[in-house]
Amino acid sequence: MLDQIAQMPVVQVPHQAPIRLSSRALTRVAVRAMRDGRQGAAVIEDAKGFLVGLFTERNALQKLDLSNDSWKERPVVDFMSQDRAPIRTDTTLADAIDLMHRGPFRHLAIVDDYDHAVGILSIRDVMVFVVEHFPEHFANLPIDPAREARLLYGG
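Residues numbered from 1 in each chain as written. Predicted model: local features only at pLDDT ≥ 70, side-chain atom pairs only at ≥ 80, totals over all residues. Heavy atoms only, no water.

Draft legend 1. Expanded view of the pairing of strand β2 (residues 41-45). Within β2, 5 of the 5 residues are buried, which leaves the element mostly enclosed by the surrounding structure. On β2, burial covers both faces: Ala41, Val43 and Glu45 on one face and Ala42 and Ile44 on the other are all buried. The pairing of strand β1 (residues 20-22) with β2 spans 3 bridges and is classified as parallel. Bridge pairing links serine 22 to glutamate 45 in β2. This β-α-β element, β1 to helix α2 (residues 27-37) to β2, shows right-handed connectivity. In terms of strand pairing, β2 meets strand β3 (residues 51-56) through 5 bridges, oriented antiparallel. Considered in β3, the bridge of glutamate 45 is made with leucine 51. Taking the residues that link successive antiparallel strands as the turn, the β2-β3 hairpin has 5 residues, and the phi of glycine 49 there is positive, at about 85°. (Buried < 20%, exposed > 50% of the residue type's maximum accessible area, 1.4 Å probe, protein only. Helix = DSSP H or I, 4+ residues; strand = E, 2+ residues; numbered from the N terminus. Pairing = 2+ DSSP bridges. Right-handed = clockwise from strand over helix to strand, strands pointing away.)

Geometric values such as these leave the question of function open.
What follows is the structure in structure tokens.
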């Protein structure tokens, strides 16, 4: 079963619909859209809808100077990931996980044959999918009375 999951195309893994923003969008708009959409990344597109890059929560944490509000009025392309590492709809889950590991990336844009984003695959999406297929490896086991803590902090 693990081999079947590993060879599954990423579009069959439940993933997020992309938050789409113009490359001219202000960074404050991107941050608000991600917060309101409860997503860790937004797709940045050019005027024709082609993927330009991703703006991620990691970009915000690493590149925005919160002591100065000037970032709010700058274009999101100034802070987005330049190495966008898109994956195609037929990319296997195993290859996507490998790319996330090597990247390191927490979010990958899924693009069609025309380089238009059709989704965002996050590491969270992958983990939820794997846990749902192998719950016995992740579910909490019943308490073993022989291992029950007898003192406040164990022991």
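Here the narrative resumes, following the displayed structure.
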